[in-house]
Amino acid sequence: MRLTRNPLALLFTGAMGLASVLTLIEASTPGLSYWALALGLYWLVIVIAMAWFLRVPGPGERRRPWRPWMFVPVALALGTVLLVELDAPLHARFALSEPSLERHARSVRDDHGSGRWWGLYRVDEVEKIPGGARFMVTSLTMDWKSYGFAYIPDRAPDPLEGVYEHFKGPWYIWTDGP
């Protein structure tokens, strides 16, 4: 069964799918990076296009009937919003990366190179701290902060060492910046 043969509908649905994928990738790291602004504009253009395509008819025009393909972009948008609201992308990406992150965090040295991939995260600014390690995965977000993970298995982090929010088990989300 084919939903549609309309090339405009296929293009629109593809654009919505791309916006969903990019949004889920952005939501899979702590913090919100600057390219989220461009992503927001992209979503705005798609919504305007959808409103135009599904527009209320003007005088003398017939109302456009709902076609089966029209539910696909709506489902993509609603699914994306639901997954982001539940923090599912962050938890899923972290779960897939946790073995690699933990292996590297346990063996971290002060001379660790930056710009390496640990699991599905590109890691920068690796730092050994008392009882564990912390490393940045998102730099310069919209609130001028850097975000990363801290692995501290034996104790709770001291508030004087930085801003930490418990994430899971011995893992914390670490924030650096104003």
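Refer to the preceding data block for the structure.
Reading guide: rules and limits
- Residues numbered from 1 in each chain as written.
- Predicted model: local features only at pLDDT ≥ 70, side-chain atom pairs only at ≥ 80, totals over all residues.
- Heavy atoms only, no water.
- Helix = DSSP H or I, 4+ residues; strand = E, 2+ residues; numbered from the N terminus.
- Expected span 1.5 Å × (residues − 1).
- Bend = angle between axes of the 7 residues up to and from the residue.
- Pairing = 2+ DSSP bridges.
- Axes fitted to C-alpha atoms, helices over the stretch in contact; angles between N-to-C directions.
- Buried < 20%, exposed > 50% of the residue type's maximum accessible area, 1.4 Å probe, protein only.
- Polar contact = N/O pair within 3.5 Å; in protein donor to acceptor, adjacent residues only side chain to side chain.
- Contact = heavy atoms within 4.5 Å.
- Parallel < 35°, antiparallel > 145°, perpendicular 65-115°, else oblique.
- Nonpolar A, V, L, I, M, F, W, Y, C, P; charged D, E, K, R; others polar.
- Core = buried A, V, L, I, M, F, W, Y, C linked by side-chain atoms within 4.5 Å.

A. The arrangement of helix 4 (residues 88-106) in detail. Between the first and last C-alpha of helix 4 there are 26 Å, a value that for 19 residues agrees with the 27 Å anticipated at 1.5 Å per step. In helix 4, a bend of some 55 degrees at Ser97 exceeds every other bend along the element, and Pro99, a proline, comes one to four places later.

B. Geometry of the sheet that holds strand 2 (residues 121-129). Taken together, six strands build an open sheet; the order of strands is 1-2-3-4-6-5 and the sheet is antiparallel. If you trace the sheet from one side to the other, it starts and ends with strand 1 (116-118) and strand 5 (163-168), each paired once. Each neighbouring strand pair of the sheet contributes to a mean axis angle of 40 degrees, computed without reference to strand direction. With five bridges joining them, strand 5 and strand 6 (residues 171-176) adopt antiparallel strand pairing.

C. Just the side chain of Ser28, in detail. Counting through the fold element by element, Ser28 comes out in the loop between helix 1 (7-26) and helix 2 (35-53). Here Ser28 falls in the buried class, since its relative accessible area comes to 4%. Polar side-chain contacts of Ser28 include one of 2.6 Å to the backbone oxygen of Ile25. A distance of 2.8 Å separates the side chain of Ser28 from the side chain of Arg93, its partner in a polar contact. Leave out the neighbours within four places in its chain, and Ser28 touches Pro89, Leu90, Arg93 and Tyr121.

D. Representation of the packing of helix 1 against helix 3 (residues 71-85) in the model. Between helix 1 and helix 3, the least distance of the axes is 9 Å, while the angle of their chain directions is 5 degrees. Of the possible angle classes, the one that applies to helix 1 and helix 3 is roughly parallel. Of the residues in helix 3, those touching helix 1 at Phe12, Thr13, Met16, Gly17, Ser20, Thr23 and Leu24 are Val72, Pro73, Leu76, Ala77, Thr80, Leu83 and Val84. Taken together, the residues that form the contact of helix 1 with helix 3 break down as nine nonpolar, five polar and no charged.

E. Representation of the nonpolar core. Grouped together as the largest cluster of nonpolar side chains are 18 residues, with contacts concentrated most on Tyr121, Phe135, Phe149 and Trp171. At the level of secondary structure, the elements contributing two or more residues to this core comprise helix 4, strand 2, strand 3 (132-138), strand 4 (146-151) and strand 6. Counting residues per element, this core draws most heavily on helix 4, at four residues. If you look at the next biggest cluster of nonpolar residues, it comprises eleven residues, including Ala9, Ala15, Leu39 and Trp69.

F. Representation of unusual backbone geometry. Phi angles above zero are rare outside glycine, and Asp87 is one such case at about 60 degrees. The topology assignment puts Asp87 in the loop between helix 3 and helix 4. Judged by its relative accessible area of 37%, Asp87 is partly exposed. We note that Glu125 has phi near 45 degrees; this positive angle belongs to a residue other than glycine. Its location among the elements puts Glu125 in strand 2. Residue Glu125 is classed as partly exposed on the basis of its relative accessible area of 44%.

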